Amino acid sequence: MSFSEDLILEALKQNILPLWNAFSFFTTYANIDWRKPQLRHSELVEESHATIKDTSTPLRSAQYDAAYSINRLDTWILGELQKVTEIIDHDLSHYDITHASRQIADFLENLTNRYIRRSRRRFWKSESDEDKNHAYNTLYTVLVNFSLVISPFMPFISEYIWRALTGDDIANSVHLQNFPSDTNSQFTIHNSQLSTDMWYAQQIVRMWLAARSKKNIRVRQPLQSLTLGVLLDQYYLDIIADELNIKQVICEGGINDRVMKICKPDGKIVGSLFDD
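This is a predicted model, so every value here is computed, not measured.

What counts and what doesn't
Residues numbered from 1 in each chain as written. Predicted model: local features only at pLDDT ≥ 70, side-chain atom pairs only at ≥ 80, totals over all residues. Heavy atoms only, no water. Patch = residues over 30% accessible without salt bridge, like charges linked within 9 Å, V, L, I, M, F, W, Y side chains within 5 Å. Areas by Shrake-Rupley, 256 points an atom, 1.4 Å probe, with all protein chains shown as cover. Salt bridge = Lys/Arg side-chain N within 4 Å of Asp/Glu carboxyl O. Helix = DSSP H or I, 4+ residues; strand = E, 2+ residues; numbered from the N terminus. Axes fitted to C-alpha atoms, helices over the stretch in contact; angles between N-to-C directions. Parallel < 35°, antiparallel > 145°, perpendicular 65-115°, else oblique. Left-handed = near helix turned anticlockwise from the far one by under 90°. Contact = heavy atoms within 4.5 Å. Phe/Tyr/Trp six-rings, centres within 6.5 Å; stacked < 30°, edge-to-face > 60°. Buried < 20%, exposed > 50% of the residue type's maximum accessible area, 1.4 Å probe, protein only. Pairing = 2+ DSSP bridges. Right-handed = clockwise from strand over helix to strand, strands pointing away. Expected span 1.5 Å × (residues − 1).

A.B. asks: Looking at this structure, how should I read a nonpolar patch on the surface?
C.D. replies: Together, Leu9, Leu12, Ile16 and Leu17 give the surface a local cluster of nonpolar side chains, amounting to about 300 Å² of exposed area. Here Leu9 shows up in helix α1 (residues 5-32).

Below, the structure is given as structure tokens:
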């Protein structure tokens, strides 16, 4: 059996730490706001430092409320959760453990570096409005359901998160629950267009952050404008502008007509073909 400490550290950085950070973020602000989302399983406990304090005014069912949020980020992350659940379920059914396990890090990247990072202000604001309720409900739903999905791969941390969020009853184990599937999914809201548009926005941000780095232009330095050759809704343009610190993002469907593609042969390769 091949063993590598480097691979263990990589798994720690890509899977365990992001998951724990998401869980810690939720419980920290839920305790500050005295929130206690409820699932149909059981009440939350209050002994553990990472669980949510009891309150006489709990939120309504997180499974129910999250599906009715009008915030696109909520709809997107729940759709991504449904998608990754379907992929892992399919892979496990066909004994493709490697491909299934790789989906975990990809989803955690979306959860921590995209959903939570862009939703932080919704948790930070002092007023307790419907949008803040939906943010709590959505993140709670994701953490509870994702602990089910990852339980075959990360049995101990998934058990801890499950018990902390749904109850510390000795019989309430994540490993005694049914694996989520299409037939018993709590939400069937995956929107392929929303997922595609968000993917385009993420790729644009990634490419232009790389371009900034290449030119040694820090993100804190604002730029005047960015012109895209893909048509996106204003919602995604605002995300791009915010992520890249650009004052204006312009969409021009015909910009590709003004781009000149130049093909230059590699002299070393071409020359070697004519050496004889």
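A.B. asks: Is there a simple way to think about the packing of helix α7 (residues 192-214) against helix α8 (residues 234-244) in this case?
C.D. replies: When two helices pack together, their arrangement is given by the angle between the helix axes and the distance between those axes. Put simply, α7 and α8 touch, their axes get as near as 10 Å, and they point 25° apart. Here α7 lies roughly parallel to α8, going by the angle between them. The interaxial crossing formed by α7 with α8 has right-handed handedness. The segment α7 lies against α8, with Leu194, Asp197, Met198, Ala201, Ile204, Val205, Trp208, Leu209 and Arg212 engaging Tyr235, Tyr236, Ile239, Ile240, Glu243 and Leu244.

A.B. asks: Can you help me understand the packing of aromatic side chains in this one?
C.D. replies: Aromatic ring pairs are defined here through the distance separating the ring centres and the angle between the ring planes. Evaluated as defined, the whole model comprises 11 aromatic pairs. Summarising the aromatic geometry, the rings of Phe25 and Phe123 are spaced 5.1 Å apart at their centres and angled 85° between planes, so their arrangement reads as edge-to-face. Remark: Phe123 occurs in helix α4 (residues 97-124) and Phe25 occurs in helix α1; sequence separation between them is 98 residues. One exposure class covers both Phe25 and Phe123, and it is buried. With a centroid separation of 4.7 Å and 35° between ring planes, the pair formed by Phe107 and Phe146 is classed as tilted. Pair noted here: Phe107 is in helix α4 and Phe146 is in helix α5 (residues 130-149), with a separation of 39 residues, a long-range link. We note that Phe107, like Phe146, is buried.

A.B. asks: How should I be thinking about the pairing of strand β2 (residues 246-251) in this particular structure?
C.D. replies: For a regular strand, side chains alternate in direction, first toward one face of the sheet and then toward the other. Relative to β2, strand β1 (residues 223-228) is paired through 5 bridges, and the arrangement is parallel. Across the sheet, Leu228 pairs through a bridge with Cys251, a residue of β2. In terms of handedness, the path from β1 via α8 over to β2 forms a crossover that is right-handed.

A.B. asks: Looking at this model, I keep getting lost on α5. Mind explaining?
C.D. replies: Because an α-helix packs 3.6 residues into every turn, residues spaced three or four apart end up facing the same way. Look at α5: 28 Å from first C-alpha to last across 20 residues, which is about the 28 Å you get at 1.5 Å a residue. Among the 20 residues of α5, 18 are classified as buried, and the element is accordingly described as predominantly covered.

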